[in-house]
Amino acid sequence: MSDTTNPTVGGKAPRSAGKELTGQAGAEAPPETRGRTTIADSVVEKIAGMAAREVPGIHSLGSGMSRTLGAVTDMVPGGRPSVSRGVKVEVGERQAAVDLDVVVEYGVPIVDLAAEVRTSVITAVERMTGLEVVEVNIAVDDVYLPDEEDDEEDGGRVQ
C-alpha cells in the first residue's frame, strides 16, 4: 500500500493518507479483543481424555505399553493415574486434532462407540477451549474381556 498526500488546504501541512488504527485497547474495547489466549496441548489432552473415558463401553485409554507403564506408575506411592494416557493432540491457533488409543469392553459395537466418543470429545474440547476440532482419530488397541481381570486378581494359576 502506498502513502499519498493531500494537497495543502488553508495553509495546513499535508496529511498522510493510509490505514488508520482503530484502537482495540481501552475500556470501550470488547474483552475478547484485549489480549491473546494460548491453550497448551496438555490441557486439550486432559479434556479429551476425560470426555472419552466418560463414554460407556470404554474400558481404558492407551496402547499396551503405555497401559503397562501407567499401571506401574499408579502403584508407586504418590503416583496418580494420568488422565491424558492414550491421548495425543495437535493444537493450532484455532483448531485441534485428537488421536486416541482405546480399549473397548467386549460386546460393545465398536463403530457406534467410536461415533459416541468422537461426539463427546468434540463437544467437550470445543465447549471448553473454543477451538475447532477438525478430527478425532480412534485406534482400538484391545478388547477388555471381563474374565481377564478375574485371573489377575486370583494371582494367576500358580500359588
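Quick look at the structure, then.

So, about the nonpolar core. Counting residues in hydrophobic clusters, the biggest one holds 23 residues, and the most contacted among them are Ile 58, Val 98, Leu 100, Val 117 and Val 121. Counting residues per element, the ones that place at least two in this core are helix H1 (41–53), strand S3 (58–61), strand S4 (87–91), strand S5 (95–105), helix H3 (110–129) and strand S6 (132–144). Beyond its immediate sequence surroundings of up to four residues, Ile 58 is in contact with Ala 52, Arg 53, Val 102, Val 103, Val 104, Glu 105, Leu 113 and Val 117.

On to the environment of Ser 63, then. Of note, Ser 63 is situated in the loop between S3 and helix H2 (64–75). With a relative accessible area of 27%, Ser 63 lands in the partly exposed category. Ser 63 sits 77 residues away from Val 140 along the chain, and the two C-alpha atoms are 8.6 Å apart. Leaving out residues up to four positions away in the same chain, Ser 63 has contacts with Asp 101 and Asp 141.

For the rest of this paragraph, the subject is a negative patch on the surface. Among the surface-exposed residues, Asp 41, Glu 90, Asp 99 and Glu 135 lie close enough to one another that they form a single negatively charged patch. Taking the relative accessible area as the measure of exposure, Glu 135 reaches 39% and is therefore partly exposed.

Quick notes on the rules
- Residues numbered from 1 in each chain as written.
- Predicted model: local features only at pLDDT ≥ 70, side-chain atom pairs only at ≥ 80, totals over all residues.
- Heavy atoms only, no water.
- Core = buried A, V, L, I, M, F, W, Y, C linked by side-chain atoms within 4.5 Å.
- Buried < 20%, exposed > 50% of the residue type's maximum accessible area, 1.4 Å probe, protein only.
- Helix = DSSP H or I, 4+ residues; strand = E, 2+ residues; numbered from the N terminus.
- Contact = heavy atoms within 4.5 Å.
- Patch = residues over 30% accessible without salt bridge, like charges linked within 9 Å, V, L, I, M, F, W, Y side chains within 5 Å.
- Areas by Shrake-Rupley, 256 points an atom, 1.4 Å probe, with all protein chains shown as cover.
- Salt bridge = Lys/Arg side-chain N within 4 Å of Asp/Glu carboxyl O.
- Lys, Arg positive; Asp, Glu negative; His and termini not counted.
- Charge placed at Lys NZ, Arg CZ, Asp CG, Glu CD.

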